[in-house]
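Here is how the chains run, residue by residue.
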Amino acid sequence: MRRLLPGFFLLLVVALTAVGLLAQDAPRYDLVLRGGRVVDGTGSPWVRADVAIKGDTIAASGPRLGAAADRIVDASGLVVCPGFIDIHTHARRGIFDVPTADNYTRQGVTTIYEGPDGSSPLPIKAFLDRVAARKISPNFGTFVGQGSIREQVIGTVDRTATPAEIEKMRDLVRQGMRDGAVGLSTGLFYVPGIFTPTEEVIELAKVAAAMGGIHVSHMRNEAAGVLDGVRETIAIGERGGLPTQVTHHKIIGVKNWGQS
């Protein structure tokens, strides 16, 4: 027995050390959501799983994660999914007054986009710097507005832009994209967008396209001319060379019902 004791104690020490190391290496998370129906946003069927979060990152996901956490939430019977994205907001009206954006975050909206309908802050960088300094709750992005750009270059007058003015507007789109805009927005239903020929919009769309941007549009007409409005929006996307979205696909006026 005396010969076995040193080896026995050695094994015991090694075993206890290993347990201690395993305990140190075991992941510990800030939050674990247990047993929810996880919808991952890819279109796949939901699966029942745990989701572990560390800081602002989803660190692990899987069935019955055996991880420790500072906070554990029983999500059984609930759906766990990525935050929703609202691509069309006018959040610059209130984001500085209510930086927590409770009306969005409490509905699961975690990303909001500003600058729709052809109207956006200019310059984009100064605005986004101000947003970042306010330390708001949701993720925040913006489009650069064609109407705001046109108003800055030629005002709200109803006339065709000169080639030099179009080039100035192209430069403003380019700068807006460099500053962080995700694309170009148009509001051809509004002043001064309503004064803008299709060809002029296409020239600006080409700049956004070359920089990886998209185009979102409040169309020129949603009533009796809704079909022409759709055709124009499609033309801007096709000839501008960028993905295009109809912001409000709706029909105004009872006589026009059914045209959608």
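Parameters at a glance
Every chain begins its residue count from 1, and numbering advances along the sequence as written. Per-residue local features are limited, in this predicted model, to residues with pLDDT of at least 70; the limit for side-chain atom pairs, both in listing and counting, is 80 or more; totals at the level of whole chains, interfaces and linings are taken over all residues. Excluding hydrogens and water, the side-chain figures rest on all heavy atoms present in the structure. Put simply, DSSP marks the helices as runs of H or I at least four residues long and the strands as runs of E at least two long, and each gets a number from the N terminus on. Burial here depends on accessible area, computed with a 1.4 Å probe over protein chains only, as a share of the maximum for the residue type. Under 20% is buried, over 50% is exposed, and the range in between is partly exposed. Here, two residues are considered to be in contact whenever any of their heavy atoms come within 4.5 Å of each other. Computed with a 1.4 Å probe, the accessible areas rest on the Shrake-Rupley method; for each residue, only the protein chains presented here act as cover. Pairing of aromatic rings covers Phe, Tyr and Trp, the last counted by its six-membered ring, and requires centre-to-centre distances within 6.5 Å; plane angles under 30 degrees mean stacked, over 60 mean edge-to-face, and any other angle means tilted. The rule is short: NZ of Lys or CZ of Arg within 6 Å of the ring centre and within 35 degrees of the ring normal puts a charge over the ring. A pair of strands is labelled paired if DSSP reports no fewer than 2 bridges between them. For every element, the axis is a line fit to its C-alpha atoms; helices are fit only across the contacting stretch, and the angle between N-to-C directions ranges from 0 to 180 degrees. One less than the number of residues in a helix, times 1.5 Å, gives the span that helix is expected to have.

Chemist: Explain the overall build of the chain to me, using residue names and the numbers behind them.
Modeler: Counting its secondary structure elements, the chain contains seven helices and twelve strands. Along the three orthogonal principal directions, the C-alpha set of the chain runs to about 105 × 40 × 35 Å. Buried positions account for 38% of the 260 residues belonging to the chain. Within the chain, contacts between residues at least 6 apart in sequence are counted, and of these 72% link residues at least 24 apart. Counting only carbon and sulfur atoms, one obtains 59% of the accessible surface of the chain, whose full area is about 15100 Å².

Chemist: Outline the packing of aromatic side chains, supporting the account with residue identities and numerical values.
Modeler: The full count for this structure, using the stated rule, is four aromatic pairs. Ring geometry for Phe189 and Tyr190: centres 5.2 Å apart, planes at 90 degrees, overall edge-to-face. Of the residues examined, Tyr190 reaches a relative accessible area of 33% and is grouped as partly exposed. Among the aromatic residues, those joined into a ring-pair cluster are Phe96, Phe127 and Phe140. The cationic tip of Arg130 hangs over the ring face of Phe96; the distance from NZ or CZ to the ring centre is 3.6 Å.

Chemist: Account for the sheet that holds strand β11 (residues 214–218), naming residues and giving values.
Modeler: Reading across from one edge, β9-β10-β11-β12 is the order of the four strands in this open sheet, with parallel pairing throughout. Here the strands that pair on one side only, and so sit at the sheet edges, are β9 (144–145) and β12 (244–246). The sheet contact formed by strand β10 (residues 183–187) and β11 spans five bridges and is parallel. Bridge pairing links Leu184 to His215 in β11. Across the sheet, helix α7 (residues 226–240) touches β11 and β12, and the angle it forms with β12 is around 165 degrees.

Chemist: I'd love a proper account of the sheet that holds strand β6 (residues 84–86), names of residues and values included.
Modeler: Taken in spatial order, the three strands line up as β6-β7-β8 in an open sheet, and their pairing is parallel. At either margin of the open sheet sits one strand with a lone partner, and together these are β6 and β8 (139–142). The sheet shows a mean angle of 20 degrees between the axes of neighbouring strands, direction not considered. Relative to strand β7 (residues 109–114), β6 is paired through three bridges, and the arrangement is parallel. Within β7, the position partnered with Ile85 by the bridge is Thr111.

Chemist: So what's going on with helix α5 (residues 163–179)? Which residues, and what values?
Modeler: For α5, which comprises 17 residues, the first-to-last C-alpha distance of 24 Å matches the rise-based estimate of 24 Å (1.5 Å per residue) to within 8%. Of all the positions in α5, only Glu165, Ile166, Met169, Arg170, Val173, Gly176, Met177 and Asp179 are classed as buried. Considering only its buried residues, α5 is in contact with α3 (124–134), β9, α4 (146–154), β10 and α6 (198–210). Immediately beyond the C-terminal end of α5, within one or two residues, lies Gly180, with a positive phi of roughly 125 degrees.

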